[in-house]
Amino acid sequence: MNPERFRQAPNVAIVGSSSPLGKELRDIIESSGFPIGKLSLLETEEYAGLLQEFAGEIRIAQIISPEALADTDIAFFACSPEIIEAYAASGSAFPDLTIDLTQTGRKGILFLKGVSAPSRLQGAGYYVNPHPAAIAIGRVLARIQSAFHLESASVTIMTPASERGSAAVNELQEQTVELLNFQSIESKVFGGQLAFNLLPEIETARRTESLLRRQLSDLLEGNMPAMMIATIQAPVFHSHACSVFLKLTESTSASQMASYLSSAGSGITVHAEDGLSPSPVTVVGSDAVHIARVVTDPGFPGSCFLWIVSDNLRIAASNALQIAESLMFASAPPH
């Protein structure tokens, strides 16, 4: 890492730049005006040579290698879990500042902007971007715990195909077309028909649920309430949808809870029930957590239901970039 260059216009590499998350990261870097020196787009040998556009210029994807990462100040790994595990298994060193978005469970510094203590940013190191569902749920629970005592939470998460990469998105699209044309379907990524259906995907769900519990416990610094988490594979391309049931020690009204969540700032948006409710489709492109319903029942004091949706790709890419920006700001010399 070049410290002076890092503070002003770092050299950036995106490993897995053609993945759904890699594309989102590339787009948000360009649209945000994030200062960049050199941008390297890296892929496996299969996709090396792929032409990609950035800032009006055509870039050629290069093969992932230590040499390709040698002059990198910030490396974002937005590739599949298999690729980062193969890179690590090869014995190749990671760049001084690596931000891992792969959700493989590799050890590193977990950081969620607005929730994690700034002291977690320790300069160069290996940073883990939280799972996008942990980002959404973590923001909401952290906000609620700042005013209420939360006894327990039960969360059901509808997972989009894009969480499983490009192959999963393509398979959902192909299954949809095949069914509409009365053709037999193929299932290589998912354990059966996902189009017009819901799948438990038990083994994948257990891994994700375990990861989410660990990350939320870390993000909430040991103050996580008793929590049940279940994930279900949904037939949608993008965005998480979460059904959340909370048990508080004190009673509150729906309007009081909605008002408190609304005052959290741009990270959380609470929608009025008389308007168009946010959905996995309508929140695409937003890095906020959208709450569509806040429900309490006087018959069950302290109970509260929330319906939450968020663009899984956007909030993951946004938080990863915020980690980089925060580290750049922290390393800047005082004026």
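Going by the structure above, here's the rest.
This write-up is about the structure you can find in this document. Owing to the predicted nature of the structure, the values given are computational and were not obtained by experimental measurement.

What follows concerns the overall build of the protein. A count of helices and strands for the protein gives eight helices and 15 strands. Whereas a compact globule of 335 residues would reach a radius of gyration of roughly 20 Å, the protein reaches 21 Å, a difference of no more than 12%. In the protein, 67% of the contacts between residues at least 6 apart in sequence involve partners at least 24 apart. As displayed, the protein has an accessible area near 15400 Å², and 54% of this comes from carbon and sulfur atoms. Side-chain charges in the protein split into 21 positive and 34 negative, and the spacing between the mean points of these groups amounts to 5 Å.

With that settled, consider the nonpolar core. Core analysis: the largest hydrophobic core is formed by 49 residues, its most contacted members being Phe77, Val140, Ile144, Leu246 and Leu306. The element best represented in this core is helix H4 (residues 132–145), accounting for eight residues. Excluding anything up to four places from it in sequence, leucine 306 contacts Val140, Ile144, Cys242, Ser243, Val244, Leu246, Leu261, Ile291, Arg293 and Val294. Counting 29 residues, the second largest nonpolar core, distinct from the first, contains Ile14, Leu25, Ile74 and Ile323.

On to the sheet that holds strand E10 (residues 150–159). Spatially, six strands are ordered E11-E10-E12-E15-E14-E13 in an open sheet, and the strand pairing comes out mixed. Each having just a single partner strand, strand E11 (226–233) and strand E13 (268–270) make up the two edges of the open sheet. Strand-to-strand twist across the sheet, computed as the mean angle between neighbouring axes with direction ignored, equals 20°. H4 contacts E10, E11, strand E12 (240–248), E13, strand E14 (289–295) and strand E15 (303–310) of the sheet and is inclined by roughly 30° relative to E12.

Judged by side-chain polarity, Leu51, Ile58 and Ile60 come together as a nonpolar surface patch covering roughly 320 Å² of accessible area. When you line up the elements, isoleucine 58 lands in strand E4 (residues 57–60). Residue isoleucine 58 is classed as exposed on the basis of its relative accessible area, which comes to 56%.

About the criteria used
Residues numbered from 1 in each chain as written. Predicted model: local features only at pLDDT ≥ 70, side-chain atom pairs only at ≥ 80, totals over all residues. Heavy atoms only, no water. Helix = DSSP H or I, 4+ residues; strand = E, 2+ residues; numbered from the N terminus. Rg over C-alpha atoms; globule rule 2.2 N^0.38 Å. Contact = heavy atoms within 4.5 Å. Areas by Shrake-Rupley, 256 points an atom, 1.4 Å probe, with all protein chains shown as cover. Lys, Arg positive; Asp, Glu negative; His and termini not counted. Charge placed at Lys NZ, Arg CZ, Asp CG, Glu CD. Core = buried A, V, L, I, M, F, W, Y, C linked by side-chain atoms within 4.5 Å. Buried < 20%, exposed > 50% of the residue type's maximum accessible area, 1.4 Å probe, protein only. Pairing = 2+ DSSP bridges. Axes fitted to C-alpha atoms, helices over the stretch in contact; angles between N-to-C directions. Patch = residues over 30% accessible without salt bridge, like charges linked within 9 Å, V, L, I, M, F, W, Y side chains within 5 Å. Salt bridge = Lys/Arg side-chain N within 4 Å of Asp/Glu carboxyl O.

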